[in-house]
Amino acid sequence: MITQFLLVKIFRLILLIAAVATLSFLLVSSSPVNPVDAYVGTAMLRISQDQREIIAKRWGLDKPPVERFGRWAGQMATGNLGVSTIFNEPVLSVIGKRFVTSFWLMALAWSLSGALGFGLGLIAGAREDTLLDRGIRLYAYTMASTPTFWVGMILLMVFSVSLGWTPVCCAWPPGLSAEQATLWQRLHHLLLPAVTLSLIGIAQITLHTREKTIEALRSDYAVFARAQGESIIGIVFVRALRNVALPAVTLQFASLGELFGGAVLAEQVFAYPGLGRTTVEAGIRGDIPLLLGIVLFSTIFVFTGNFMADLIYHLVDPRLRKTAGAIS
Amino acid sequence: MMTNPLALDRRTRTMMVIFGCLVLFSAIFIAAWLYGEQGQVTNLALRKLPPGWNQPFGTDWLGRDMFARTIKGLRISLEIGLAAASCSAIIALLLGLAAATMGRIIDVAVTWLCDVGMATPHLVLLILISFACGGGAKGVIIAVAASHWPALTRVIRAEVMQLRTSDYIKLSSRLGKSPAWIARHHLLPHVVPQFLVGLLLLFPHAILHAAGLTFLGFGMSPHTPEIGILLAESMRYLTTGMWWLAVAPGLALILSAMTFDVLGNNVRALLDPKTLRE
């Protein structure tokens with residue numbers, strides 16, 4: 001049964017990537033931004049028409065879009081995403097390197113926001129309509145309307161500029177390379193961007209967990225336990241916890257897209273050299289192969305999150321485990 | 001039972017909230033109009049002033065009044081929000097209705113389109129579309145307008161699907177009512193509230209995404225007083241301690257996004273008969 005589940009998922013992923021690749025290729029080729037102009041940049045005046053034609057020819061820009069798409073898709077199918085024009089390096093290796101830097105940021109923020117948000121949601125749900133609940137809800141609603149980059153800027157001003165506790169930029173001390181920096185230095189630089197991302201990420205999971213906790217406390221089993229004299233805290237932590245945890249884990253996995261978007265903004269504020277900042281550079285400087293590569297990579301990233309959510313549901317939920325034939 | 005004489009029922013409270021929001025938004029537009037050119041005028045005698053009586057949000061490094069610039073930024077944000085939310089909501093309405101009523105193939109196609117639209121992180125999609133439009137204000141508006149429909153499409157599709165299989169609609173068609181009559185008298189009263197609430201709740205997303213996109217450097221020229229641009233500019237002065245450049249415009253943006261959130265949720269509660277009199 002599990003192989004069938006996997007096969008269906010892989011088929012869906014391939015279909016999705018084909019659609020996303022086609023649509024994004026259509027989008028970038030309709031762009032009025034001339035890739036040669038974007039590449040040449042400020043050296044525009046020193047480059048002759050002939051040299052521009054050589055660049056265009058080398059990139060295959062003299063061919064019609066349909067033929068370009070065919071060649072790009074063919075190469076992509078063999079795992080070659082082309083060469084980034086701003087880094088002069090294969091797209092895959094740029095994405096790989098940058099993603100490792102972003103990965104630790106996202107992993108830390110993701111776990112922090114998951115744990116904190118779940119805890120806050122449980123407390124708010126258990127203490128419905130008290131001052132504590134109202135406070136937590138106000139916080140969550142405010143954060144849902146707050147831009148990630150603004151939180152980052154405020155934290156930067158307070159902790160890096162005024163207090164001087166954390167560094168102002170980058171993922172490691174300037175002058176060192178990624179390998180030379182110690183684990184402590186890396187963590188020190190990672191802390192503020194990760195906190196920024198988690199402060200925002202908490203909102204959704206808190207509100208969701210709160211709803212589910214209230215629902216669980218109104219269910220028959222909770223009312224029965226109350227009638228037998230159990231305390232609300234006991235019911236929440238012993239009986240409701242498992243029922244509430246599963247949708248929370250699912251939601252947290254399904255929110256990888258927002259995490260990625262948040263990382264783009266947070267990395268911009270803290271000048272953190274991860275995949276998010278690379279996305280912005282690729283977009284602004286017209287690095288089409290890299291931009292397309294990142295679009296496809298982030299699609300796989302989001303898909304993996306949703307896939308994990310589905311998988312955990314099917315592995316953990318006894319109702320779905322028994323009817324394994326219903327896996328889709 | 002004691003009742004608080006000041007406790008109002010939801011209808012009255014919601015009406016007051018809606019009225020308050022309208023006043024706030026018209027105030028922003030009128031103030032932006034009254035300020036005229038003031039936000040653009042440089043006044044080197046009044047450079048880098050912290051917030052005070054004459055300049056509530058302080059002034060920037062060219063002596064421009066941050067309050068005037070923030071108000072103008074909010075006006076631009078509201079305009080982008082309005083354009084984007086209406087475009088996305090109309091796309092969602094058409095696609096949702098088509099999926100639910102025009103047969104299996106259209107339904108599969110629309111559901112698939114929603115999946116593809118939500119497959120990449122939203123911000124990456126915004127960057128891609130704004131790049132495809134060649135940047136500029138036009139790029140920001142098109143990107144935000146063309147990317148917010150999938151969620152609402154799903155809601156409208158599910159709502160119409162559920163209505164079509166409900167007993168009273170089946171009964172109505174057995175009684176010989178035409179599809180048009182059913183659509184007018186049974187479907188519309190359910191879909192219109194969903195559409196309106198969806199439209200209102202799209203606003204905060206659209207405003208925040210537009211600000212994020214301009215903050216990253218996609219879009220408008222640096223002279224436009226747009227909130228995202230104001231905040232991106234203030235980044236350069238953070239280390240010199242000019243905190244007011246970032247704090248006030250950001251708070252103003254959060255407040256307007258939250259206002260739409262509150263407005264949308266109140267209208268939802270008002271339009272839903274179950275929660276109307278709570």
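Details of the structure are given in the entry above.
Attention in this report is confined to the structure presented alongside it. (Residues numbered from 1 in each chain as written. Chains lettered and ligands numbered in written order. Predicted model: local features only at pLDDT ≥ 70, side-chain atom pairs only at ≥ 80, totals over all residues. Heavy atoms only, no water.)

## A short note on helix α1 (residues 2-29) of chain A
Line of reasoning, step 1. A rise of 1.5 Å per residue sets the reference length of α1(A), with its 28 residues, at 40 Å; its end C-alpha atoms lie 40 Å apart and thus fit the reference within 8%.
Line of reasoning, step 2. Taken as a whole, α1(A) has its buried residues at A:F5, A:K9, A:L13, A:L16, A:I17, A:A19, A:V20, A:A21, A:S24, A:F25 and A:V28.
Line of reasoning, step 3. For α1(A), the secondary structure elements touched by its buried residues are α4 (65-77) and α13 (288-316) of chain A together with α3 (104-117) and α4 (122-132) of chain B. (Helix = DSSP H or I, 4+ residues; strand = E, 2+ residues; numbered from the N terminus. Expected span 1.5 Å × (residues − 1). Buried < 20%, exposed > 50% of the residue type's maximum accessible area, 1.4 Å probe, protein only. Contact = heavy atoms within 4.5 Å.)

## A closer look at the pattern of salt bridges
Residues and elements named next belong to chain A.
Line of reasoning, step 1. Considering all chains together, one arrives at twelve salt bridges over all chains under this definition.
Line of reasoning, step 2. The shortest N-O distance in the salt bridge between D310 and K9 comes to 2.7 Å. With a gap of 301 residues between them, D310 in helix α13 and K9 in helix α1 connect regions that are remote in the sequence.
Line of reasoning, step 3. Among the residues examined, D310 registers a relative accessible area of 27% and is labelled partly exposed.
Line of reasoning, step 4. One salt bridge connects D129 with R137, and the closest N-O pair in it is separated by 3.7 Å.
Line of reasoning, step 5. By relative accessible area, which is 47% here, D129 ends up partly exposed.
Line of reasoning, step 6. Owing to a relative accessible area of 22%, R137 belongs among the partly exposed residues under this scheme.
Line of reasoning, step 7. One continuous salt-bridge network, built from bridges that share partners, spans D129, D133, R137, R210 and E211. (Salt bridge = Lys/Arg side-chain N within 4 Å of Asp/Glu carboxyl O.)

## Describing the packing of aromatic side chains
For any pair of aromatic rings, geometry is given as the distance between the ring centres together with the angle between the planes.
Line of reasoning, step 1. Tallied over the full model, the rule gives twelve aromatic pairs over all chains.
Line of reasoning, step 2. Arranged with centres 6.0 Å apart and planes meeting at 20°, the rings of A:F5 and A:F307 form a pair that is stacked. Pair noted here: A:F5 is in helix α1 and A:F307 is in helix α13, with a separation of 302 residues, a long-range link.
Line of reasoning, step 3. Here A:F5 falls in the buried class, since its relative accessible area comes to 2%.
Line of reasoning, step 4. A relative accessible area of 17% places A:F307 in the buried class.
Line of reasoning, step 5. Geometrically, the ring pair formed by B:F203 and B:F260 is stacked, given 4.1 Å between the ring centres and 10° between the ring planes. (Phe/Tyr/Trp six-rings, centres within 6.5 Å; stacked < 30°, edge-to-face > 60°.)

## Overview of the packing of helix α7 (residues 167-174) of chain B against helix α8 (residues 179-215) of chain B
All names here are of chain B.
Line of reasoning, step 1. At a closest axis distance of 10 Å, the pairing of α7 and α8 adopts a crossing angle of 165°. By the angle between their directions, the pair α7 and α8 is classed as roughly antiparallel. Judged by the sense of rotation from one axis to the other, the crossing of α7 with α8 is right-handed. Mapping the contact onto sequence places Y168, I169, S172 and S173 in α7 and W181, I182, H186, L187 and H190 in α8.
Line of reasoning, step 2. When its residues are assigned to classes, the contact of α7 with α8 shows five nonpolar, four polar and no charged. (Axes fitted to C-alpha atoms, helices over the stretch in contact; angles between N-to-C directions. Parallel < 35°, antiparallel > 145°, perpendicular 65-115°, else oblique. Left-handed = near helix turned anticlockwise from the far one by under 90°. Nonpolar A, V, L, I, M, F, W, Y, C, P; charged D, E, K, R; others polar.)

Take it as geometry only, folks, not as evidence of what the structure does.
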